[in-house]
Each structure stands twice: as structure tokens, then as C-alpha cells.
Amino acid sequence: MQIISREEIKPLLQQPKGNCVSIYMPTHPAGPEVRQDPIRFKNLIKEAEAHLIDAGLEPQAATALLQPAINLDTQEFWEQMGEMGLAIFISGDFFRYYTLPLNFQELVVVTDRFHIKPLLPILNGNGRFYVLALSQQDVRFFEGTHYTINEIEVENLPKSLESALNQDETAKEGQFRIASSKGGTANSFVQPGAFHGQGSPDRDQHQEQIRQFFYIIDKALHEKLREETAPLVLAGVEYLLPLYRQANTYQHLMAEGITGNPEILIAQDLHDKAWPIVEADFQKSQQEFLERFQQLFAGDTGKATNDLKQIIPAAYFQRIDSLLVAVGQQQWGLFDPSSEAVYLHDDKETGDEDLLDLAATHTLLNGGTVYAVSPEQIPFSTPVAAIFRY
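Residues numbered from 1 in each chain as written. Predicted model: local features only at pLDDT ≥ 70, side-chain atom pairs only at ≥ 80, totals over all residues. Heavy atoms only, no water.

Asker: Explain the nonpolar core to me, please; I cannot follow it from the model alone.
Answerer: Grouped together as the largest cluster of nonpolar side chains are 41 residues, with contacts concentrated most on Leu12, Phe89, Leu119, Leu120, Ile312, Ile320 and Leu323. In this view, Ile320 contacts Ile311, Ala314, Ala315, Thr363, Gly368, Ala386, Ile387, Phe388 and Arg389; residues no more than four positions away in its chain are not counted. The next biggest cluster of nonpolar side chains, apart from the first, holds 30 residues, and it includes Ile216, Leu225, Ala230 and Leu253. (Core = buried A, V, L, I, M, F, W, Y, C linked by side-chain atoms within 4.5 Å. Buried < 20%, exposed > 50% of the residue type's maximum accessible area, 1.4 Å probe, protein only. Contact = heavy atoms within 4.5 Å.)

Asker: Is there a simple way to explain the side chain of Thr27 in this structure?
Answerer: With respect to the element layout, Thr27 can be found in strand 1 (residues 20-27). Residue classification places Thr27 among the buried positions, given a relative accessible area of 1%. When residues no more than four places from it in sequence are discounted, the contact partners of Thr27 are Asp37, Trp78, Met81, Gly82, Glu83, Met84, Gly85 and Leu86. (Helix = DSSP H or I, 4+ residues; strand = E, 2+ residues; numbered from the N terminus.)

Asker: Before we go on, may I ask you to explain helix 11 (residues 308-316) in this structure?
Answerer: It helps to recall that an α-helix has 3.6 residues per turn; residues three or four apart then point in one direction. Along helix 11, the residues that are buried comprise Leu308, Ile311, Ile312, Pro313, Ala314 and Ala315. Buried residues in helix 11 make contact with strand 12 (304-305), strand 13 (320-326), strand 14 (332-336), strand 15 (341-344), helix 12 (355-365) and strand 18 (384-388).

Asker: Help me understand the sheet that holds strand 2 (residues 84-91), please; the structure alone is not making it clear to me.
Answerer: Neighbouring strands of a sheet are bound in pairs by backbone hydrogen bonds; such pairs are parallel or else antiparallel. Taken in spatial order, the four strands line up as 3-2-1-4 in an open sheet, and their pairing is antiparallel. The sheet is open, and its two borders are formed by strand 3 (94-100) and strand 4 (107-111), each paired with just one other strand. Shown here is a sheet whose adjacent strand axes are inclined to one another by a mean of 10°, direction ignored. Relative to strand 4, strand 1 runs antiparallel, the two sharing five bridges. By the bridge assignment for strand 4, Ser22 is matched with Val109. Across the sheet, helix 3 (residues 59-70) touches strand 1, strand 2 and strand 3, and the angle it forms with strand 2 is around 150°. (Pairing = 2+ DSSP bridges. Axes fitted to C-alpha atoms, helices over the stretch in contact; angles between N-to-C directions.)

Asker: Help me out: how do you make sense of the confidence of the model for the protein in this one?
Answerer: Do not read the predicted coordinates in detail wherever pLDDT is low. Confidence in the prediction of the protein, expressed as mean pLDDT, is 86, and 86% of residues score 70 or more. Across residues 174-198, confidence stays below pLDDT 50; counting only partners more than four residues off in sequence or on other chains, it has 42 contacts. (pLDDT = per-residue confidence, 0-100.)

Asker: Would you take a moment to explain the sheet that holds strand 16 (residues 353-354) for this structure?
Answerer: Strand order in this open sheet of three strands is 15-14-16, and the pairing throughout is antiparallel. In the strand order of this sheet, the two ends are held by strand 15 and strand 16, each with one partner. As judged from the four bridges shared by strand 14 and strand 15, these two strands associate in the antiparallel manner. If you follow Gly333 over to strand 15, its bridge partner there is Leu344. With respect to the sheet, helix 11 is in contact with strand 14 and strand 15, its orientation differing from that of strand 15 by roughly 130°.

Asker: How should the pairing of strand 13 be read in this particular structure?
Answerer: Within a regular strand, the side chains alternate between the two sheet faces. Of all seven residues making up strand 13, six are buried, and the element is well covered by its neighbours. In terms of strand pairing, strand 13 meets strand 18 through five bridges, oriented antiparallel. Note that in strand 18 the partner of Ile320 across the bridge is Phe388. Note: strand 13 against strand 17 (residues 369-373), five bridges, orientation parallel. By the bridge assignment for strand 17, Val325 is matched with Ala372.

Asker: Whenever I open this one, helix 3 confuses me. Can you help?
Answerer: Three or more residues of helix 3 are buried, namely Ala62, Leu65, Leu66 and Ala69. Buried residues of helix 3 fall within an arc of 80° about the axis and therefore sit on the same side. In helix 3, the exposed residues that point more than 90 degrees away from the buried face are Gln60 and Ala64. (Arc of directions from axis to C-beta.)

The structure is reproduced here in C-alpha cells:
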């Protein structure tokens, strides 16, 4: 089972225009449904082939484009599937597939870019989070969703205090940088034994080593998380957590952490303890969006709307701060950036794209926040609502 980050999704969002095929389907672990999965898959491939032919490709060229996906259809492939969702993306020189903890509806979209809206529940604020398990002997970093958690490698992230001191020659020699809360480093240094306050010099020196250790960890995570907005939960013995917070520069560090020795916790234990923390934050953030939207919309400020014809150009031209969008729905149509004209169609026509997906994609690309929710959670029974930056 895989998790998609914003960083990994960028190649999908930034594909050059062309025939981009997006296929979504649910898969099953056992019983009659699992025997139907290969049949459903073949039908979706045929549907994609028909869309490509309608877009102007010769039948032979359409089959060739879809061949990487067709090659997946083996007994071994279906046997390793569980109760999850399969997402496939194919263009002229691009092929990628994911098995994800989402219950996708069957969907085939062929337009000039990939269709990513079904991925939103784990792409942004209301589905994905990080856990940093801290100890002096074993540092681990995880990425999780409501359903899964995976340990991931981070470049230059030290695994222990000893390896961090070997990595940082200044700390190894017993000097400690005085780092600011913003991640900067002062020009002065503190020598061992020169600390003031309670505790012996040896104890103070060890505490400063731990702080330096945490500055090194934060620096490595800063490179990994610089464009992320997902919450980060700390796990560690109680006295380490406030020391790490002094070093932290990631803006989305959760106030509540997991206390105790993380070395004795497996990944699933960390997930079970972290999810209630981040779920409450997701719900709070979404509720704050709804309250702010209602206030701005009722006040006729021009900073909030549910009019898709206003939202599409605003998303394209980087004006959207946050967006609420319905999953499981499509609004077919066209957008002309040169005139900012938006054309809505009741049924899909040749050349159309899902304008809800267009709004979500550009909001993500431009650093905005997207909340993917069921249609009944959006105000005024519309499929989308937005708050503008200006």
C-alpha cells in the first residue's frame, strides 16, 4: 500500500498537455468481487481506448499508449490486491500506478492533463500526517493517512545522537551553536562547562548536545517538508519533546504529542496514537474554513464564493487561499485562460475536463489548501466553495 505526497504528485500535475489517461477503480481482497476485478479492469481499459479514439488517435496508437496498463493484468497482480483503490496514470512518455487506501468509484478520464481529484483525501489537509519518533538511540520518520503508516527515509536525517555528533564536527568537539527558533544560527558558541543555572556541567553539556542533535534533525526535515502543510506529531519521552520544539521550524507541528518511549512502539502503535490527534486537527481546520467562508460570504466581501465561474480563473491565477470541493462529482466544461471564460456543460463533450479537478489542481500547485469532502458537507448544495487570498 502506498501514500502519495505533494512532492510525488507534482509530475502528475505538471505533465505537458497531451492525451493523459487517468483510471480509478476499487479492488477487493477475496470473494466473488475479487474475481470480477480483472473484468472491470478490462472494461475500463476499453473505455479509455474509446476516449482516446474519440480524441483523434488511431485504434492501434490508442492500444499502444495503454499497453503499460494492459501489462498489469496478471493473476499475480490481482492476488496481491486488497480492499483498496487502484489509480493508473498514462501519457505518451509517462506511466505510474498506485494502490491506495481509498474507496475509489470506477472512473476513466482522458483529457490534456491527469485527473487527481479522487486522490485529494490523502493529498492534503484532511488525510495525511507525519510522525517523528525521537530517541537518542533511534530516530524514525513516518508518513501516515487515516488507514496506513509507512516509515520513510529522509536525506541527512541522523538516526541517533552519536551519529549526529559525528555528522556535526562543531558539536562533536563540544561546542554548541545557539540556534534561533527560525532556524538561523548565531555567530557565537557555547563551550562545555560554561552553562548557567541548575544541574552539573556534564548534565548541561549533554542537554546542549541533545539540542544540537535536534537542530540537525530539524534542518534535514526542513528540506523534506519545505512545501508541506500536513501536521507533524512528535513521539518521545516527555522531557525530549519541549527540547525539540525549541529547535523546530516546521509551522505545522502539533501542540499535542505522543509521550513515552517510541523505541518500544511499532509503526501501527504510533499510527493508533497519532491519528486521534491529527483527526481532531483536521476537523477543526475544516470547521474554521466553513465558519470563515460563511462570514465572508454573508458579508459580501468579495473574498468568498461558491460560483465555479469565479473560482476557476481565481485558482488558475493563484488567488485561492483555500478550497472546499466535492469528491465523487464532476463538472464538465472548458476554461479559456486568455479570456478567463468558463463554459459549463451538463454532459461531457469532446475536449471537456472536470472543472472541479482543475480548480483543486491549481489550488494545490499554487500552495493553497484543499478540503475534499462529501457533497452534503459543502454550503448551499454546490460542489465547491472558495476563500480568496485577495
